[in-house]
2 protein chains.
Amino acid sequence: MKRVFNFSAGPAVLPEEVLRQAADEMLSYKDSGMSVMEMSHRSKDFEQIINDAEADLRTLLEIPDNYKVLFLQGGATLQFSMVPLNLFKNKVVDFIHTGAWTEKAIAEASRYGEARIIASSEDQAFTYIPDLNNLKFSEDSDYVHMVQNNTIYGTRFTSIPDTKGKVLVSDMSSNILSEPIDVSKFGLIFAGAQKNIGPAGTTIVIIREDLITKDYLEHTPLMLQYKLHTDKGSMYNTPPTYGIYICGLVFKHLLHTGGVIAMYQKNLKKANLLYDALDASQMFHGTVRKVDRSLMNVTFKTDSEELDKLFIAGAKTRGFVNLKGHRSVGGMRASIYNAMPYEGVLALVEYMKEFEAEHQS
Amino acid sequence: MKRVFNFSAGPAVLPEEVLRQAADEMLSYKDSGMSVMEMSHRSKDFEQIINDAEADLRTLLEIPDNYKVLFLQGGATLQFSMVPLNLFKNKVVDFIHTGAWTEKAIAEASRYGEARIIASSEDQAFTYIPDLNNLKFSEDSDYVHMVQNNTIYGTRFTSIPDTKGKVLVSDMSSNILSEPIDVSKFGLIFAGAQKNIGPAGTTIVIIREDLITKDYLEHTPLMLQYKLHTDKGSMYNTPPTYGIYICGLVFKHLLHTGGVIAMYQKNLKKANLLYDALDASQMFHGTVRKVDRSLMNVTFKTDSEELDKLFIAGAKTRGFVNLKGHRSVGGMRASIYNAMPYEGVLALVEYMKEFEAEHQS
């Protein structure tokens, strides 16, 4: 069966080599005589899998020693609860509001305290990242929350705000491992795995040790306490073992292909190819401010909903799938995560040119 | 690579046919050109997968129409929080205390209200199920909590207590789909998938509609509200898509091999074979009261820790793995879930006889 070019925003394309290895090992992982799915999470084999996954992620992101790495469940959405439940002391958080995912996090944080929006791009439908140089942080806020890459709107933080020592929390679900980051600038990073890492159902949390305390809000459910999970090395109860295994394979694949720096170069090349095509086009245009363009989610439109539909339908017949934009934005969205090959973007750009030539006349 | 007989208590053995199909479809599910792992949870293909999984589970367990089925994350442990957070009104629960898993549920429920132990087998190290005919339910309790099969101790409820209309909640993590159950006797059933269903990281919840309300405790995190998940058909956020796919394959496999009744007959045959061997042995003996023996987790010992160790080591060299008992019980535990073939139990019994002959003299 021929594989398609899958531009899905998530769950998303994974490296074919990883899928091949997973298929090969499905009936017996190494010489274990069983699938990773069938393996006790307390077994030596699985211990090695989760330890390797953590070590490889630490290498890839150069995670400092005073940070813990967790493999949890529940997606970024559960983090919208866990972060305030664990980090609230004054029960105030400052938000840089850049779209649907901050909106949901704001709503949830507001249930336990006060969420203050200190900057927002809502006035222009979240098509840009607010100015980060003149942010006014609240004196009494416990932390600042940002979403580094906005999957729906196609925007991206190209720099990290200087929070003057205040704890910075970043949702990196759609950009983790796509570009180098300085982990030491953040107090807590979280990411659902299903875009750049692995299967849905695994969530990565990277948390600075001083933020891990028993001083969570009183009614914080057991499984929502970071301290429980760090104390038990993500194994208080059975973790999503197979998902962690796939994440580990992706980490190894990334290490073997040059790490995050090499991946960033590839991602720049892919994104530039597509954005250059958009900028050269008379028919297609990007939907966000140029300086804030995402490297992962490229949002674009024609001036006609009819043409958009036609373009998406034609794409599908060529094996380019999931190009429809999010309903709140419309148009098209090409998600070009780490595992999207250059060839996929090239083929898309060629199709765009053909489509424009055909429908312009 | 030869597959072993895997007696792990969970994650546990899965049907080989299911693993083969998963391997075959790893690079392309049907004609989609992508792995299920890479598939948008909003895609038609995945919609079909989750809808089929639910429909097949409904068929298998004859789930009445006034029950909702959910595919969640977080394992049974997260249910220890979700159940009281959603069901507490008077904030009182009656527990039938039968081991480690009720203990954890009691501890968590106690954080939000009062957990009353109305029956317990703790006096004899949880080696039996308390008398269910003379239970005194609290007038003001919101529900009764039981664990139908106790993975660690190897006991099993052979009947369901008559709660006189009070809501009965059952943790069926280690017995679901192994025997027929009358769902209508329960208000809520939950089960981590990793024993009889699929990979760790998926949790099944079956909940009666009248228990799904907005009347959860005030600070219940969003993702812990049953109503959110039932309103959104388990898709408020990205569900553990690949896990749900594997669960679905297991359900189809079970349907094709005769359903729960046929599986129950096979399980009885396997368990009887092993228990008969234990009862006939001068060396090995079961650790729980005969009438309360689990069909899934068979716990047994010799009278010598040295012999136990020798037995487990010898088993491993023959390809029978994960036979060591839980540290709180010692000895051996053979978990013989649905997917453990009769041949595996037969081989184990033959080894037991040989071992006894060799070491008795």
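Refer to the structure presented above.
Residue numbers here run from 1 along each chain, matching the order of that chain's written sequence. Think of it this way: whatever chain is written first is A, whatever ligand is written first is 1, and the rest follow in order. Restriction of local features to residues with pLDDT of at least 70 applies here, the model being predicted, together with a cutoff of 80 or more for giving and counting side-chain atom pairs; totals for whole chains, interfaces and linings are based on all residues. Side-chain metrics rest on all non-hydrogen atoms present in the structure, leaving aside hydrogens and water.

All right, on to the overall build of chain A then. By definition, any uninterrupted DSSP run of H or I lasting at least four residues is a helix, any uninterrupted run of E lasting at least two residues is a strand, and each is numbered from the N terminus. Counting secondary structure elements, chain A contains nine helices and 14 strands. To get the radius of gyration, use the C-alpha atoms; to get the globule rule, take the number of residues to the power 0.38 and multiply by 2.2 Å. For a compact globule of 361 residues, the expected C-alpha radius of gyration is about 21 Å, and chain A comes in at 21 Å, within 12% of that figure. Structurally, chain A occupies a C-alpha span of about 65 × 55 × 30 Å along its principal axes. Buried means the residue's accessible area, taken with a 1.4 Å probe over protein chains only, is under 20% of the maximum for its type, while exposed means over 50%, and partly exposed covers the values in between. Here chain A holds 361 residues, and the buried ones make up 65% of them. Only heavy atoms enter the contact rule, under which two residues are in contact if any of them lie within 4.5 Å. Taking the contacts inside chain A whose residues are at least 6 apart along the sequence as the reference set, 68% of them involve residues at least 24 apart. Computed with a 1.4 Å probe, the accessible areas rest on the Shrake-Rupley method; for each residue, only the protein chains presented here act as cover. Per element, the accessible surface of chain A, about 13,900 Å² overall, is 48% carbon and sulfur. Of the side-chain charges in chain A, 38 are positive and 44 negative, and the distance between the mean point of each set is 1 Å. Charged residues are defined here as Lys and Arg on the positive side and Asp and Glu on the negative side; His and the ends of the chain fall outside this count. Note that the charge is assigned to NZ on lysines, CZ on arginines, CG on aspartates and CD on glutamates.

Time to look at the packing of helix α8 (residues 305–317) of chain A against helix α9 (residues 342–360) of chain A. Residue and element names in this part refer to chain A. Here α8 crosses α9 at 130°, and the two axes come no closer than 11 Å. Regarding the angle of α8 to α9, the classification is oblique. In this structure, α8 crosses over α9, and the sense of that crossing is right-handed. Residue-level contacts link Leu307, Leu310, Phe311, Gly314 and Ala315 of α8 to Leu348, Tyr351, Met352, Phe355 and His359 of α9. In this analysis an axis means a line fitted to C-alpha atoms, helices contributing only their contacting stretch, and an angle means the value between N-to-C directions, from 0 to 180 degrees. For classification purposes, an angle smaller than 35 degrees is called roughly parallel, one larger than 145 roughly antiparallel, one from 65 to 115 roughly perpendicular, and anything else oblique. Crossings are assigned a handedness: left-handed for a near helix turned anticlockwise from the far helix by less than a right angle, right-handed for a clockwise turn.

The subject of this paragraph is the sheet that holds strand β11 (residues 285–286) of chain B. All names here are of chain B. Overall, antiparallel pairing links the three strands, which are arranged β11-β12-β14 in an open sheet. A single partner strand is all that each edge strand has here, and the edge strands are β11 and β14 (332–335). Sitting on the sheet, helix α7 (residues 259–280) touches β11, β12 (297–301) and β14, and the angle it makes with β12 is about 15°. Two strands pair under a simple rule: DSSP has to find at least two bridges between them.

The subject of this paragraph is the pattern of salt bridges. Here, a salt bridge means any Lys or Arg side-chain nitrogen found within 4 Å of an Asp or Glu carboxyl oxygen. Under the definition given, this model contains 36 salt bridges over all chains. Close ionic contact of arginine 156 of chain A with glutamate 179 of chain A constitutes a salt bridge, the shortest N to O distance being 2.8 Å. Here arginine 156 of chain A, found in strand β7 (residues 155–156), pairs with glutamate 179 of chain A, found in the loop between β8 (168–171) and β9 (188–192); they are 23 residues apart in sequence, far enough to count as distant. One salt-bridge network, held together by shared partners, links Arg3, Glu16 and Arg20 of chain A together with Glu38 of chain B.

Chain A puts 63 residues into the contact, and the matching count from chain B is 63 residues. Here's the idea: put two parts together, see how much 1.4 Å probe accessible area each one loses, and the total over both is what we call buried area. Roughly 4,700 Å² of surface becomes buried between chain A and chain B when both sides are summed, with 62% attributable to carbon and sulfur atoms. Area buried by chain A at its contact with chain B is led by Leu27, Met37 and Glu38 of chain A, which between them contribute 14% of it. Where chain A meets chain B, there are two salt bridges. In this structure, the salt-bridge partner of arginine 3 of chain A is glutamate 38 of chain B, at a minimum N-O distance of 2.8 Å. Listed by contribution, the elements that provide at least two residues to the side of chain A that touches chain B are α1 (16–24), α3 (75–87), α4 (100–110) and α6 (241–256) of chain A.

Residues and elements named next belong to chain A. Within the fold, alanine 334 resides in strand β14 (residues 332–335). On the basis of relative accessibility, which here comes to 0%, the residue alanine 334 falls in the buried class. Between the C-alpha atom of alanine 334 and that of phenylalanine 7, which follows or precedes it by 327 residues, the distance is 5.2 Å. Residue contacts for alanine 334: discarding those within four places in its chain leaves Phe7, Leu274, Met296, Asn297, Val298, Phe300, Leu323 and Leu348.

Applying a rotation about an axis and a shift along it to one chain copy brings it onto the other copy. Superposition of chain A onto chain B requires a rotation of 180° combined with a translation of 0.0 Å along the rotation axis, giving an RMSD of 0.0 Å. Between the two chains, the operation in question is that of a two-fold axis. When each C-alpha of chain A is compared by its distance to the rotation axis, alanine 23 of chain A comes out closest, at 2.2 Å. Of the interface residues in chain A, 100% have counterparts in chain B that sit at the interface too, so the contact is made through matching surfaces. Superposition of the copies used a least-squares fit over C-alpha atoms from residues whose pLDDT is at least 70 in both.

Let us look at the pairing of strand β10 (residues 203–208) of chain B. Residue and element names in this part refer to chain B. Of all the six residues making up β10, five are buried; the element is thus mostly covered by neighbouring parts of the structure. Bridging between strand β2 (residues 67–72) and β10 involves six bridges; their strand directions are antiparallel. Its bridge partner lying in β10, leucine 70 is registered against valine 205. Relative to β10, strand β9 (residues 188–192) runs antiparallel, the two being bridged by five bridges. Directly across from alanine 191, in β10, lies its bridge partner isoleucine 204.

Scope: geometric values only; no functional claims are made or implied.
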